[in-house]
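# Analysis of the macromolecular model
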Amino acid sequence: MDELMFTGACGTGSPDPAARDGFFRVAAATPKIRVADVQGNAEAVLACVRAAAEGGVGALALPELCLTGYTCADLFLDRALLREAEAALVWLLEETRTLPIIFTVGLPVAHAVALYNCAAVCCAGKLLGLTAKQHIPNYGEFYECRWFTPAPAEPKIVPLFAGQRDVPLGARIVYRCEDAGASSVAIGVEVCEDLWVPEPPSTAMATELGATVILNASASDEIIGKASYRRQLVSQQSARLYCAYAYADAGEGESTTDLVFAGENLVAENGSVLAKTPLFSCEMAVADVDLDRLCAERRRSTTWAPSPLSHGLSREVPFSFAAARGEAREGEGAPATAPLMLSALDINRVFPQAPFVPVDAGDLAERCEEILSLQAAGLKTRLAHTGTKRAVIGLSGGLDSTLALLVTVRAFDALGLSRDGITAASMPGFGTTVRTKTNAQTLAEALGVSFREIPIGAAVEQHFSDIGHDPAVQDVTYENSQARERTQVLMDLANQQGGFVIGTGDLSELALGWATYNGDHMSMYAVNASVPKTLVRHLVRYAAGVFGGQIEETLLDILDTPVSPELLPPTGDGQIAQRTEDLVGPYELHDFFLYYLLRFGFAPGKIFRMACRSFEGVYDRETIHSWLRVFYRRFFAQQFKRSCLPDGPKVGSVTLSPRGDWRMPSDASARLWLAEIDGLEK
C-alpha cells in the first residue's frame, strides 16, 4: 500500500522528517554600495546572495533601493539611472538562476506615469513580483513623495520588466513555495516605512494569505534611540503575526550629506530577536526560524483572523526552488540541494534545555517572584471566598510540599491571618528518612506554622491486614496504601479544623501520572498544579534567598535532597532508597518533552531531534529515545487522573487543567505517537 501524505497550508505533513521539523533559514544583509553605481551595487548584491545561498539560506532580505542607493534624491527621475537599474536586475536574475534562494533587490520602477519604490522578489532566475512601498514618508528628513507614488490599492500587472512578462506589482503580494513539504514557506515583503504605520501591509499578508515569513527592505537612518525602537517594532510585529520577520537596513555607501545609515539587520520570530548585527558592521544576520511552531500558534489562537478591511487586496504568487536545482550546472558552485525545511539536527539554533526557566538570572528572579505571587493570589482568593482561616499541608521535606507551604504562608500573610492557622503535618511512613522528617519540622517551626507529626505505619499495617496484603510484598499496593492513608489523615484534619487541604503535586507529575489516584492526587486547592518540576527548584531557591537565615539553610538542604516519594524502606545507612528520576526518567527531559508537546503540538520525531540537539553531551540519543517513549506512554495512559483534578491557579502558558488548556479523552490511543517514536533512528 502506498504511503499516504497529508499536506496543508502550514505544511502539516511530509514523508521527509526534515520537512516535518519545519525549520527554515532566513537572513538579512547589507551590501556595501556606492550611490548611483548601479553595476557595482549589483555585484555587491550578488556577493551577498551567493554567500547566503552557500550558507543554506532559503530567504534573504536586502535593503531598500540597494541597486541605486536610497539617497539618490532627484537622480531617481533620471531615465539613465532607471534603465541601468532594470538592466542590472536582468543581470542578477541570470547570475542567480541556479541558486535555490528567494531574495529581494531594491530598485526604482517606472510604470506608466508613476515611479514606484520597489523590492524585486527573485528566485531561480525568475522575477516573481515587484512589491511596491505603500506608505511614502514625507516628514522630517524624508521627502520621498517628491519622487515616488504609493503602491496601487490592488496589485497590477506590468506587461514587461527586466525581460520578464506579466510581473505583478503591488504592496500585498505573498510568494508561496510549491515544492513538496515546503508549503509553510509563504513570504511577504514590505518596504521600510510600511512597518512603522498603524496597519502594516504585512498584517494582511499574514492573516489573509498566510505569510509566515516577512522580509523588510529598509533604509532607516540612524539617530539616537532609534535602534532600540526599531528592534521593538520588528519583534512586536513578528509576535502579533506569529511570523518570522527579517529586516535589512541600508548601511555603508549611502550618502552622508545629511544622514548616517548603520546597516542593522535583524531576524525575529514570534516576538524574539534571534539574530542581529552590530551597528555600522554591514554583516549578515542569519537565523533558523521554526515555521511549524508559528503555524501551531496560529491554529491555537482563535482570534487570529484577517482584517475585513483588507479582504481582496492581496495576491498570491507561486514559486519553486526546484528550478534552481534542475538548472544547476557542473562547476557553477550551486548548492546540491535546495534549502527547504531543515531538520532540528541541522539547524544553527539550540533550544533551551529548560524551556520553562528563563536563562537570564535577573529574568529568573523576576519570574519566580511573579509565579509565587500568582500562586499566593489564587489561594488567597479561594480562602477569602470561602471564609476559611485554616489550611492543612502534608509536609514531607521534599520540594513540592515545601513550595506549597511557602505559597500558603504568603497567602495567609496577605490576608492578615496568623501563620499558626496553617498546619504542616509530617506523616512518617515506611520510607521516611531522618533527613526529610527533620527538614520538614525545622522549616515549619522557622516559618511559624503549626507542626504535627502523625506516624502512619500502624494504620497502614492494619489496612494490610484488613485487605490481606503481605507487607513483605513491596508492590504498588504497598506504596499507594501509604499515599492514600496520608490523604485521609489530611482530609480529616481539615474537617476537624474547618480548613483546606493544600495540594502539593506539580505539573510534571501530572503529565506523567506520578501521583496516587485519590491519594496525593487530591486536595481542596492545588497551588503547584501548573508549575513544572524544573521550575519548582528555582522557586524554592529564590525563596531561600529572600528569607535567609535558618529558613535559607533548611531550604538549601531540601534542594540537595534527591526527589523521592519515600514509599520504600531506606537503605541500610538510612539514605533514600527510591529515587523518582531512576523510575520515570530525568525531569529535565520530561519537562522539555512536555513543553513542546503541549505548547506547540510538535510531533514526537521533531521533539526527539530537538532534544538530541539541545542535550548533546548530556544524554545520548538512545537515552533520550527511551525516556521519550516512557513519556508518551505514561502521558496517554494517565489522562484519567488529570480529568478530575482539583482547582489550581494557571501561572504559565502550559497547564493540564481539564477546565482550561488541556482537554483530552482518557481513553485516547497512543498508538500513532508510539509508532512514530519506534520508527526513529536512535
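Preceding this paragraph is the structure being described.
Residues numbered from 1 in each chain as written. Predicted model: local features only at pLDDT ≥ 70, side-chain atom pairs only at ≥ 80, totals over all residues. Heavy atoms only, no water.

### Quick notes on the sheet that holds strand β8 (residues 173–177)
The strand order β13-β12-β11-β10-β9-β8-β15 describes an open sheet built from 7 strands, whose pairing is mixed. Of all strands in the sheet, those bounded by a partner on one side alone are β13 (272–276) and β15 (315–319). This sheet shows a mean twist of 25° between the axes of neighbouring strands, independent of strand direction. The sheet contact formed by β8 and strand β9 (residues 186–191) spans 3 bridges and is antiparallel. Across the sheet, arginine 176 pairs through a bridge with alanine 186, a residue of β9. (Pairing = 2+ DSSP bridges. Helix = DSSP H or I, 4+ residues; strand = E, 2+ residues; numbered from the N terminus. Axes fitted to C-alpha atoms, helices over the stretch in contact; angles between N-to-C directions.)

### What about the packing of aromatic side chains?
A full pass over the atoms with the stated rule returns 30 aromatic pairs. Ring centres of phenylalanine 76 and phenylalanine 148 lie 5.0 Å apart, and the angle between their planes is 55°; this geometry places the pair in the tilted category. Placement of phenylalanine 76 in the loop between β2 (59–61) and α3 (79–95) and of phenylalanine 148 in the loop between β5 (126–132) and β6 (156–161) is noted, with a sequence separation of 72 residues between them. For the pair formed by phenylalanine 76 and phenylalanine 148, the shared burial category is buried. Summarising the aromatic geometry, the rings of phenylalanine 631 and tyrosine 632 are spaced 5.5 Å apart at their centres and angled 90° between planes, so their arrangement reads as edge-to-face. Of the two residues examined, phenylalanine 631 and tyrosine 632, each falls in the buried class. An aromatic cluster of three or more residues is present, and its members are Phe23, Phe351, Phe356, Phe592, Tyr595, Tyr596, Phe600, Phe602, Phe615 and Tyr619. Across from the ring centre of phenylalanine 602, 3.8 Å away, lies the NZ or CZ of lysine 606, which sits over that ring. (Phe/Tyr/Trp six-rings, centres within 6.5 Å; stacked < 30°, edge-to-face > 60°. Buried < 20%, exposed > 50% of the residue type's maximum accessible area, 1.4 Å probe, protein only. Lys NZ or Arg CZ within 6 Å of the ring centre and 35° of its normal.)

### As for the pattern of salt bridges
Between side chains of opposite charge, pairing is possible as soon as their charged atoms come close. The tally for this structure, following the rule as stated, stands at 29 salt bridges. A salt bridge links lysine 133 to glutamate 64, with the nearest nitrogen and oxygen atoms 2.8 Å apart. Pair noted here: lysine 133 is in the loop between β5 and β6 and glutamate 64 is in the loop between β2 and α3, with a separation of 69 residues, a long-range link. The two residues lysine 133 and glutamate 64 agree in class, both being buried. (Salt bridge = Lys/Arg side-chain N within 4 Å of Asp/Glu carboxyl O.)

### Focus: the nonpolar core
By size, the foremost hydrophobic cluster in this structure holds 93 residues, and its most contacted members are Phe593 and Phe635. Dropping the residues within four chain positions of it, phenylalanine 593 is found in contact with Ile607, Ala611, Ile624, Trp627, Leu628 and Phe631. Core analysis: the second largest hydrophobic core is formed by 56 residues, Ala42, Cys48, Leu65 and Ala250 among them. (Core = buried A, V, L, I, M, F, W, Y, C linked by side-chain atoms within 4.5 Å. Contact = heavy atoms within 4.5 Å.)

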